[in-house]
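Chain residues, written in single-letter form:
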Number of protein chains: 2
Amino acid sequence: MKLLDYNGWENMESMFRRNLFNSLSGFKSLALIGTKSAGGITNLAPFSQIIHIGANPPFTGILFRPHTVQRDTLENILDTKYFTINHVHVDILLQAHHTAARWESSEFEGVGLEEEYLDNFQSPFVKSSKIKWACEFVERQDIKVNGTILIIGAIKQIYVPEAYVAKDGFIDLQSAGSLTSNGLDAYYKTDLVDRLSYPKPDTLPHSI
Amino acid sequence: MKLLDYNGWENMESMFRRNLFNSLSGFKSLALIGTKSAGGITNLAPFSQIIHIGANPPFTGILFRPHTVQRDTLENILDTKYFTINHVHVDILLQAHHTAARWESSEFEGVGLEEEYLDNFQSPFVKSSKIKWACEFVERQDIKVNGTILIIGAIKQIYVPEAYVAKDGFIDLQSAGSLTSNGLDAYYKTDLVDRLSYPKPDTLPHSI
């Protein structure tokens, strides 16, 4: 079925269009970003576009919607330089989603998630999150076509229970219960199909 | 468990580090990008960082590793401006993974996926893919810290079977069989936990 022709997006109902294009691009990560304002107020917000930028040295990217309304997470990162990223598992899903509401005070308090401070890092982690890491702001890219902002952080510390880390470094996110997301409001568990061998032209990929 | 301390990445074995940081950032999308070279040779390659850039107008981003070795997909997009994005379901997973090998000729031929041309768009789609769309290059952002490249395309046409599109525009990727990926080689089906209501401070999120 051809759903959209050239420029057909202009005639779509706005919520339909938002849901359609947000879900079209595929499954996404799901994590809570923890920051502290220059004035010391903690903030927690859900993000689905957590991007792997590099491993050597390690960098994480986060995509932000255009900065046309108040965006506490973005402002806190630009003001203080530091943030944490915390995976979401099913037991904290409702609270994680709820952090996106317009809270007057800290989202930690609002939704009932406990702050945690690790190894003198200044931004709050989510205590009940199982996989989490700390970043320091290093770069901002403003996307010209619509003002979307890509923030890149250098990874400073990571915390992963040993049981989930394979000998080759792969983290078994499914066993850790990390969720994947799609669109604006859909959340999923995962079911491993396979890990496949390094691709070579002369042999079919096989399970590793 | 604290897995990494400040600058600890420098002492990691290189493959361990690559797997670790590729999996850390969370679940990703999975799609095949179809292009044609200026000389008319078709190309197909798997990508996991398909990014939602905007809905109005609709844009898709793709993250590329630094352009230090031959990257046919990137070169074809920069040369010809056009590309297709095709979701991967379990029946074409082996072929999709196999397109990442170093093929001498077209990956379509190498792995046995059929090309499809729709509505006069010049780049090849994957015939057996169920959810696919066509993009025209509009912007390139080079990330300073490590040379990673973000390519942004304007969405020109999309093809989604009607059965997977909800009344509110949400695409049911799980029913379509679209996979999610993690790290360099792990592929997963999904299991919907919930779609949750628009978050407000005074009420707990509920199923929609």
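Here the structure is shown first, and the text comes after it.
These lines cover the structure that appears in this document, whether it is placed above or below.

One open sheet holds the four strands; their spatial order is E11(A)-E12(A)-E12(B)-E11(B), and the pairing between them is antiparallel. Lying at the two open borders of the sheet, with one neighbouring strand each, are strand E11 (180–182) of chain A together with strand E11 (180–182) of chain B. Along the sheet, successive strands turn relative to each other by an average axial angle of 45°, direction set aside. Looking at chain direction, strand E12 (residues 186–195) of chain A and strand E12 (residues 186–195) of chain B are connected through nine bridges and run antiparallel. Residue Asp194 of chain A lies in a different strand from E12 of chain B, and its bridge partner there is Tyr187 of chain B.

It is worth spelling out the pairing of E12 of chain B at this point. In the case of a regular strand, side chains alternate between the two sheet surfaces. All names here are of chain B. Taken together, the three bridges between E11 and E12 define a ladder with antiparallel strand orientation. Directly across from Asn182, in E12, lies its bridge partner Ala186. The turn joining E11 and E12, which pair antiparallel and follow one another in sequence, is formed by three residues; a positive phi near 65° is taken by Gly183.

Before going further, it helps to spend a moment on the interface of chain A and chain B. Taken together, the 101 residues of chain A in the interface contact 101 residues of chain B. Both faces combined, the contact of chain A with chain B buries some 9300 Å², and carbon together with sulfur accounts for 65% of it. The largest contributions to the chain A side of the interface with chain B come from Leu24, Phe27 and His52 of chain A, which together make up 8% of the buried area. Summed over the shared surface of chain A and chain B, the result is two salt bridges. The closest approach of N and O atoms between Arg195 of chain B and Asp185 of chain A, which form a salt bridge, is 2.8 Å. Where chain A packs against chain B, one counts 46 residue pairs in polar contact (both at pLDDT 80 or more).

Right, let's talk about the relation of the copies chain A and chain B for a bit. Overlay of chain A on chain B (RMSD 0.0 Å): rotation 180°, translation along the axis 0.0 Å. Here the transformation between the copies is reduced to the relation of a two-fold axis.

For the structure on display, the rule yields four cavities of 30 Å³ or more. Its boundaries defined by the atoms lining it, the largest cavity holds a volume of some 80 Å³. Residue lining of the largest cavity: 14 residues in total, with Lys28 and Ile50 of chain A together with Lys28, Gln49 and Ile50 of chain B positioned closest to the centre. For the lining of the largest cavity, the secondary structure elements donating two or more residues are strand E4 (50–55) of chain A together with strand E4 (50–55) of chain B. In terms of residue class, the lining of the largest cavity is made up of six nonpolar, six polar and two charged. Here the second largest cavity defines a volume of roughly 50 Å³. Ser29, Leu30, Ala31, His87, Val88, Leu173, Ser178 and Leu179 of chain A together with Ser25, Gly26 and Phe27 of chain B together form the lining of the second largest cavity. Across the lining of the second largest cavity, the residue classes tally to six nonpolar, five polar and no charged.

We now examine the pairing of strand E2 (residues 31–36) of chain A. Residues and elements named next belong to chain A. The buried fraction of E2 amounts to five of the six residues, a majority that puts the element mostly inside the structure. As defined by bridge partners, E2 adjoins strand E3 (residues 42–47) across six bridges and the pair is classed as antiparallel. Its bridge partner lying in E3, Ala31 is registered against Phe47. In this structure, the hairpin formed by E2 and E3 is closed by a connection of five residues, where Gly40 is found at a positive phi of approximately 95°. By the bridge criterion, four bridges tie E2 to strand E6 (residues 82–87) in an arrangement that is antiparallel. Bridge pairing in E6 places Ile33 opposite Ile85.

Cut-offs applied
Residues numbered from 1 in each chain as written. Chains lettered and ligands numbered in written order. Predicted model: local features only at pLDDT ≥ 70, side-chain atom pairs only at ≥ 80, totals over all residues. Heavy atoms only, no water. Pairing = 2+ DSSP bridges. Helix = DSSP H or I, 4+ residues; strand = E, 2+ residues; numbered from the N terminus. Axes fitted to C-alpha atoms, helices over the stretch in contact; angles between N-to-C directions. Contact = heavy atoms within 4.5 Å. Buried area = accessible area lost by both parts, 1.4 Å probe. Salt bridge = Lys/Arg side-chain N within 4 Å of Asp/Glu carboxyl O. Polar contact = N/O pair within 3.5 Å; in protein donor to acceptor, adjacent residues only side chain to side chain. Least-squares fit on C-alpha atoms with pLDDT ≥ 70 in both. 1 Å grid on protein atoms, 1.4 Å probe; cavity = no way out; pocket = protein on both sides within 12 Å on 5 of 7 lines; lining within 4 Å. Points joined across faces, edges and corners; volume = space filled by probe spheres on them. Nonpolar A, V, L, I, M, F, W, Y, C, P; charged D, E, K, R; others polar. Buried < 20%, exposed > 50% of the residue type's maximum accessible area, 1.4 Å probe, protein only.

These figures capture arrangement, not role.
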